[in-house]
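Letter by letter, the chains look like this.
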Amino acid sequence: MSYLHNIGQYFLMIKQIFRKPTKWSVMRHLILKDIDDLIINSIGIVSFIAFFVGGVVTIQTALNMTNPLIPKSLVGFATRQSVILEFAPTFISIIMAGKVGSFITSSIGTMRVTEQIDALEVMGINAINYLVFPKFIALMLYPFLISIAMFLGIIGGMAACFYGGFSSVDDYIAGIQMDFIPFHMVYAFIKTFVFAFLLATIPSYYGYYMKGGALEVGKASTTSFVWTSVMIILFNYILTQMLLSS
Amino acid sequence: MIEVNDIHKSFGDSEILKGISTVFEKGKTNLIIGQSGSGKTVFLKTLLGLFIPEQGSISYDGKIYSKLSPDQKSELRAEMGMVFQGSALFDSMTIAENVKFPLRMFTKQNKSEMNDRVNIVLKRVNLDDAHNKLPSEASGGMQKRVAIARAIVNQPKYLFCDEPNSGLDPRTATVIDNLIQEITQEYDITTVINTHDMNSVMEIGEKIVFLKDGIKEWEGSNKNIFKTDNEAVTNFVYSSDLFQRVQKMYLEEDQ
Ligand SMILES: Nc1ncnc2c1ncn2[C@@H]1O[C@H](COP(=O)(O)OP(=O)(O)OP(=O)(O)O)[C@@H](O)[C@H]1O
Ligand SMILES: [Mg+2]
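Residues numbered from 1 in each chain as written. Chains lettered and ligands numbered in written order. Predicted model: local features only at pLDDT ≥ 70, side-chain atom pairs only at ≥ 80, totals over all residues. Heavy atoms only, no water.

As annotated in an unreviewed UniProt entry, chain B is Phospholipid/cholesterol/gamma-HCH transport system ATP-binding protein from Gelidibacter algens.

Looking at an unreviewed UniProt entry, one finds chain A named Phospholipid/cholesterol/gamma-HCH transport system permease protein and attributed to Gelidibacter algens.

Written out as structure tokens, the structure is:
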């Protein structure tokens, strides 16, 4: 029953994001601020994780290919596939559900408990548009972050090859160019856009509709992280089934 | 002037406002008093249009709220200022930006016009030197003054304050009360204040509405609140330690 209520309320919120827009001169600043908070401030951590996990994927693949008949270039191929298809879009999004998601929930939730949202509404401002729309627009740049992750993941793999001597860099480069299917990129970026939407809206929902005080802000952030990750995993499954298995 | 006519407001099965009628006059500080849970905040939020009463009507200088079109309602909203119990300043903005916010939202003024207005208002609340501070760097009393500045910056016709001096020391509380009263007279605003602070009642209670369990139990002013024989009011007035002691003192003097 309360699940149904939440889902209904969530969709009403989505509708409200696009109603009664805030004045553009004000909105512009909000969008720029959110791009900075949500995207620019995440580049560092995303790059770090992508580079090293890309390296680990390469090492694991290389160590598990003991059969001398398998060409060495397969290491690069396997790294590219796992980074582009799953690691960059999905794994990074789960990390972002923790970083960006809890930031969104706690900042909106704090505004709720300190009556800042009431203050907006008293002034006749559509608080959902004011708060959520800029995050939604900022996260439309999320694919940019994921592209960086894809690129650095593959570079990380190359570095691991080079320093670990698992295969020559030439073999690795031949591997990452092997049998490239352009639709895999389309698939990865469709996923990325869907995850960006989830990352913008689910944490906002938990922040906006929270009740209580400072303690509850913390609880709301945790709940929001759990549900954002669950939905990302679920949509990952559904989209993969829909787009790749035919 | 705000005229309230027999408003009823319920949440689910429980009726919180049970038919309240009164008039709040322009240029006066109107107080709503009553015990915790008596419905003061619900009443104030109904006056603000945040809650819609199931029955009864509210008119603002003759404009009946429920009969206005959505656009007219928005216009009326822009004429209202609200000071929240916890100040509710936007903590990502500086003090000056907080005060400027309603101007950016609702007027077509250019930057220098807005800055001029912000300077005037911040000066009015004695915050000349705090423009670039963040709310978190300001004391409770300062935050209240910023909240007042933000509420009056767009020259509202109606000002609502929910316990404007809760959490402040008595001296600062008096300063805030007097500030609100002065502003009310200066700009000829209709001001409605929620409070359970007897000091405020004495200081600025030009018109007092006493609520008890969602009913208007009594109304009057600070001149006659001590003369009433309404038991609920007397109990409330003398519930504070200070007043009990003062009363005792007078009784002892009489003997
Ligand atoms: N949004 C709401 N939904 C349901 N019940 C509410 C709501 N807001 C207030 N109430 C109920 O209305 C009653 C009056 O609350 P209100 O906040 O108006 O009291 P108050 O007089 O302002 O008290 P205080 O002095 O403590 O602020 C309370 O019993 C409260 O539980
Ligand atoms: Mg209250």
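After presenting the structure, the write-up continues.
Asks: I'd like to hear about the interface of chain A and chain B, residue by residue, with values.
Replies: Interfaces are often described in size by the accessible area the parts lose on coming together. The partner chain B presents 22 residues to the 19 residues of chain A that form the contact. Of the roughly 1700 Å² buried between chain A and chain B, counting both surfaces, carbon and sulfur atoms make up 64%. Remark: the boundary between chain A and chain B carries zero salt bridges. For the pair chain A and chain B, the interface holds six residue pairs in polar contact (both at pLDDT 80 or more). (Contact = heavy atoms within 4.5 Å. Buried area = accessible area lost by both parts, 1.4 Å probe. Salt bridge = Lys/Arg side-chain N within 4 Å of Asp/Glu carboxyl O. Polar contact = N/O pair within 3.5 Å; in protein donor to acceptor, adjacent residues only side chain to side chain.)

Asks: Account for the pattern of salt bridges, with residues named and values stated.
Replies: Residue and element names in this part refer to chain B. A complete count under the given rule lists 11 salt bridges over all chains for this structure. R124 is the partner of E186 in a salt bridge, and the nearest nitrogen-oxygen pair spans 2.9 Å. Within this pair, whereas E186 is found in helix 6 (residues 170–187), its partner R124 is found in helix 4 (residues 111–124), the two being separated by 62 residues in sequence. Among the salt bridges present, the one from E219 reaches K216, with a minimum N-O distance of 3.3 Å. According to the relative accessible area criterion, E219 is partly exposed, its value standing at 34%. (Helix = DSSP H or I, 4+ residues; strand = E, 2+ residues; numbered from the N terminus. Buried < 20%, exposed > 50% of the residue type's maximum accessible area, 1.4 Å probe, protein only.)

Asks: Which residues make up helix 3 (residues 95–106) of chain B, and what are the values?
Replies: With respect to burial, helix 3 of chain B is a largely interior element, nine of its 12 residues being buried. The inward-facing, buried residues of helix 3 of chain B abut helix 2 (24–39), helix 5 (116–122) and helix 6 (127–138) of chain A together with helix 4 and helix 5 (140–152) of chain B.

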